[in-house]
Amino acid sequence: MPKKSKRKGKTVSSTPSFDGLMDSYTDEVGRMFCTEHGRDYCHVCCVDYRMGNRVQEEAAGLRKKDEVEDAARMYATCLRALRGMERMHPRPSEEIFAQNRQWRDEQKALLDKFAEEGHDVAPVIQKAIVREESDELEMNAMTEQMARMNPGQTHFEIGGEESQKIYDEFIRPPKTKSTRGDYFTCAYCGKTSDKKLLMCSRCKTYSYCGKECQKAAWPAHKKNECVKKETEAKKAKLTWEQVEAHGGMPAPGTLEVKAISDESYFVRQVFQCRDRVGICRRIAAYTNSQKIPGLRVGATVQWKKPRFHYFTDGSSGARIEEEDLESIVVK
């Protein structure tokens, strides 16, 4: 059992890690972070509390628990696991494949049941698959950067100071200040809108898609997050999903993404770019030079009034034209 103690108002636990015991702490909601760096995902400490922290937020009432979303997430995870197992050397046993196929089929059957009950499961499944693909792109981008920094090396260990440095410089999503308000995504159910949502009148930071979600979230929001403010919070940078919600029209605000992988070919620049919530989409240069000045792996791109684009190969993201360069900043 983890050992617990009180430190600066937080519960600190000695949690098992790959190398023995790792100090972690829990906040008022029950979310866990490594004590040394205060991260929910830390390469140095070899911990990843992100999924567990989401469960804690649902249990505390800060997020809506959605059975359809949970099933879609598990289904997408099984699909990704099976893809990864096909590439493994040595190949996993047939028993392991069979177990993962069974889990996949169980989740698919559950989703089919929800569909029969009237739930619109298709967009939920697609969103879960995009999340898993983004996580896979993150891992691939980490491996690419480690290969560039260690020429000739064929095996890499994810975890430790070196991989944390690579993650921070090249992979980590753009940071958003906790004081900024997200106007287009419901803080409770997670649904995205192309119109500004109903904002909490007390903290002027958290937004909700309607009275129902605001009322359901209020007890936990009041206890854990709601701090009275006189002025409205500054707007958080847009996510890919929020830009997509505007259906190809310019979205009010600024999209901020980090370029994590170079997929350019001889015709034009193409980069996989990650938004502040970790979702990856493509940015392709359709400028006169077929390039975006300054764009490179690790660069942050800010685009005012961005437009979403669906490419003919089935991918999606942003198509940057020559006239768009005036509203783009690359750092």
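Refer to the preceding data block for the structure.
Residues numbered from 1 in each chain as written. Predicted model: local features only at pLDDT ≥ 70, side-chain atom pairs only at ≥ 80, totals over all residues. Heavy atoms only, no water.

Caption draft 1: Structural view of the packing of aromatic side chains. As enumerated under the stated definition, the model contains five aromatic pairs in all. Ring centres of Phe-308 and Tyr-310 lie 5.2 Å apart, and the angle between their planes is 70°; on these two criteria the pair is classed as edge-to-face. Looking at Phe-308, the relative accessible area reads 5%, which means it is buried. The exposed category is assigned to Tyr-310, whose relative accessible area is 52%. Sitting over the ring of Tyr-183, Lys-196 keeps its end group 4.5 Å from the ring centre. Above the plane of the ring of Tyr-286 lies Arg-268, whose end atom (NZ or CZ) is 3.7 Å from the centre. (Phe/Tyr/Trp six-rings, centres within 6.5 Å; stacked < 30°, edge-to-face > 60°. Buried < 20%, exposed > 50% of the residue type's maximum accessible area, 1.4 Å probe, protein only. Lys NZ or Arg CZ within 6 Å of the ring centre and 35° of its normal.)

Caption draft 2: Examining the pattern of salt bridges more closely. This model, assessed by the stated rule, comprises 27 salt bridges. Residue Lys-113 is joined to Glu-117 by a salt bridge in which the shortest nitrogen-to-oxygen separation is 2.8 Å. The network of salt bridges with shared partners includes Arg-54, Glu-58, Lys-65, Glu-69, Asp-70 and Arg-73. (Salt bridge = Lys/Arg side-chain N within 4 Å of Asp/Glu carboxyl O.)

Caption draft 3: Expanded view of the state of the cysteines. Per the stated rule, a full pass over the model turns up zero disulfides. Here Cys-46 is not disulfide-linked; the sulfur of Cys-45 is the nearest cysteine sulfur, at 7.7 Å. (Disulfide = S-S within 2.5 Å.)

Caption draft 4: A look at the packing of helix α4 (residues 122–149) against helix α5 (residues 161–171). As a packed pair, α4 and α5 sit with axes 10 Å apart at the nearest point and diverge in direction by 110°. In this view, α4 runs roughly perpendicular relative to α5, as classed from their interaxial angle. Read as a crossing pair, α4 and α5 show a hand that is right-handed. Residue-level contacts link Glu-138, Ala-141, Met-142, Gln-145, Met-146 and Met-149 of α4 to Glu-162, Ser-163, Ile-166, Tyr-167, Phe-170 and Ile-171 of α5. Partitioned by chemical class, the residues of the contact of α4 with α5 number eight nonpolar, two polar and two charged. (Axes fitted to C-alpha atoms, helices over the stretch in contact; angles between N-to-C directions. Helix = DSSP H or I, 4+ residues; strand = E, 2+ residues; numbered from the N terminus. Parallel < 35°, antiparallel > 145°, perpendicular 65-115°, else oblique. Left-handed = near helix turned anticlockwise from the far one by under 90°. Contact = heavy atoms within 4.5 Å. Nonpolar A, V, L, I, M, F, W, Y, C, P; charged D, E, K, R; others polar.)

Caption draft 5: Representation of the environment of Glu-169. Mapped onto the elements, Glu-169 comes out in helix α5. For the pair formed by Glu-169 and Ile-260, sequence separation is 91 residues and the distance between their alpha carbons is 9.5 Å. Ignoring sequence-local partners within four residues, the contact set of Glu-169 consists of Lys-258 and Gly-298.

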